[in-house]
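Structural description and commentary
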Amino acid sequence: MATWQQTEVSDPARPARARGVLRARGDQLLVLIVLFAIWQGLSMALGTYWIGSPWGVITRLRSGVWSGDLLQHASYTLLEAVAGFLIGAIPAAALPFLLRRLPIVTAVIDPFMVGGYGAPKLALAPLFILWFGIGIESKIALVAITVFFIVYFSALAGIRALDAKLVQMAQVVGANERAVARHIVFPGAVPYIFTGFRIAMPYSIGGAVIAELISANRGLGYLIQLSANNFDTTGVFVALVTVTCIVFLGNWSVNIVERRLLRWRPRPDLDMQAGS
């Protein structure tokens, strides 16, 4: 431990990495300012009836948070997304490991998995409403089915990318199947799984919002639909900004968990995650 700490303290590349992270933050801030300027320009050119102004959105957002109404709708959407994400992602990440020693079964179900991945999930929303009702269950089901295929194929790619020579070397020195899965297969597939998590996380939020647009009496999708029906573009933008903030928060949370679990990865990869 002492040797590791000494290496970390004397790492000559640390200042360069810190400057890189600060430069990335500065570039991100510059892009944000440019986007706000474009938004404000479009609002002034077309009118707030068509595009709500940034200041109007911020004011409405602040009042919605202060009254608690916006937080209530956002928490409902977040609950749908988190529940659906867990229900879809956990079995999707575990299934490729179970099928690793069953190549025939994998080959049999592969075309069906591809078909399920390519099927438009929005078309399934009315069917889920018919099966589970207009409550939260249908929204969770839509999110889960959306997340499942994304994480499954990411985890499967990690299993297939495994170097067979590593497994053979471990078996030569006497490692059993459990040891191989724990020390070789799982560490090699985890980065692919987290890639699937990062891709699926925004889809889980979007799936919940889309399901609420179809049938709901609360949630951010309901707010978007209600505002659109009332020709309230500022209300639509408030809900969209809230959705974007939730996506950023979810992406940040996934990156934090990944950094903790994958400390063995090269430092440049970890610093790249820190800057995202």
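Placed above this text is the structure.
Residues numbered from 1 in each chain as written. Predicted model: local features only at pLDDT ≥ 70, side-chain atom pairs only at ≥ 80, totals over all residues. Heavy atoms only, no water.

Considering the overall build of the protein
The number of helices and strands found in the protein is twelve helices and zero strands. Along the protein, helices and strands appear, N-terminal first, in the series α-α-α-α-α-α-α-α-α-α-α-α. Each of the 276 residues in the protein was classed as buried or not, and the buried ones make up 36%. At a minimum sequence separation of 6, the contacts of the protein that also span at least 24 residues come to 72%. (Helix = DSSP H or I, 4+ residues; strand = E, 2+ residues; numbered from the N terminus. Buried < 20%, exposed > 50% of the residue type's maximum accessible area, 1.4 Å probe, protein only. Contact = heavy atoms within 4.5 Å.)

Side note on the packing of helix H4 (residues 69–99) against helix H11 (residues 233–261)
Helices that pack against each other are described as a pair by the angle of their axes relative to one another and the distance between those axes. Interaxial distance between H4 and H11 falls to 11 Å at its minimum, and their mutual angle equals 50°. Classified by the angle between their axes, H4 and H11 sit oblique to one another. Along this stretch, H4 crosses H11, giving a crossing that reads as right-handed. Contacts from Leu70, Ala74 and Leu78 in H4 reach Val238, Thr242 and Ile246 in H11. In the contact of H4 with H11, the residues fall into five nonpolar, one polar and no charged. (Axes fitted to C-alpha atoms, helices over the stretch in contact; angles between N-to-C directions. Parallel < 35°, antiparallel > 145°, perpendicular 65-115°, else oblique. Left-handed = near helix turned anticlockwise from the far one by under 90°. Nonpolar A, V, L, I, M, F, W, Y, C, P; charged D, E, K, R; others polar.)

Some points on the side chain of Ser138
As for its placement among the helices and strands, Ser138 is situated in helix H7 (residues 136–160). Ser138 gets classed as buried once you look at its relative accessible area, which sits at 4%. Beyond its immediate chain neighbours, meaning those up to four positions away, Ser138 contacts Phe128, Ile129, Phe132 and Gly133.

Side note on unusual backbone geometry
The phi angle of most residues is negative, glycine excepted, and most peptide bonds adopt the trans form. Backbone geometry at Phe231 places phi at a positive 55°, although glycine is not the residue there. By secondary structure assignment, the location of Phe231 is in the loop between helix H10 (220–229) and H11.

Regarding the nonpolar core
Counting 40 residues, the largest nonpolar core has Phe85, Val147, Val151, Phe197 and Leu220 as its most contacted members. Secondary-structure elements contributing two or more residues to this core are H4, H7, helix H9 (177–214), H10 and H11. Every residue in contact with Leu220, bar those within four places of it in the chain, is listed here: Leu70, His73, Ala74, Thr77, Glu212, Ala239, Thr242, Val243 and Ile246. Judged by nonpolar contacts, the second largest core, of six residues, contains Ile159, Val180, Ile184 and Val185. (Core = buried A, V, L, I, M, F, W, Y, C linked by side-chain atoms within 4.5 Å.)

A word on the pattern of salt bridges
A full pass over the atoms with the stated rule returns two salt bridges. Salt-bridge contacts for Arg60 lead to Asp232; the nearest nitrogen and oxygen are separated by 2.9 Å. With a gap of 172 residues between them, Arg60 in helix H3 (residues 54–67) and Asp232 in the loop between H10 and H11 connect regions that are remote in the sequence. Classification of Asp232 by relative accessible area gives partly exposed; the value is 22%. Between Arg160 and Asp110 there is a salt bridge whose closest N-O contact spans 3.9 Å. In this pair, Arg160 is assigned in helix H7 and Asp110 in helix H5 (residues 103–118), connecting sequence segments 50 residues apart. (Salt bridge = Lys/Arg side-chain N within 4 Å of Asp/Glu carboxyl O.)

Remarks on the packing of aromatic side chains
Inspection of the entire model under this criterion finds eleven aromatic pairs. When the ring of Phe128 is compared with that of Phe132, the centres are 6.0 Å apart and the planes differ by 45°; the resulting orientation is tilted. Residue Phe128 and its partner Phe132 are both found in helix H6 (residues 125–132); the two are separated by four residues, about one turn of the helix. Relative accessible area serves as the criterion here: at 9%, Phe128 is assigned to the buried category. With 5.4 Å between their ring centres and 80° between their planes, Phe194 and Phe197 make a pair best called edge-to-face. Pair noted here: Phe194 and Phe197 are both in helix H9, with a separation of three residues, about one helical turn. When its relative accessible area of 17% is taken as the criterion, Phe197 is described as buried. Ring pairs connect the aromatic residues Tyr117, Phe148, Phe149, Tyr152 and Phe153, which therefore count as one cluster. It is Lys121 that lies over the ring of Tyr117; its NZ or CZ is 5.9 Å from the centre. (Phe/Tyr/Trp six-rings, centres within 6.5 Å; stacked < 30°, edge-to-face > 60°. Lys NZ or Arg CZ within 6 Å of the ring centre and 35° of its normal.)

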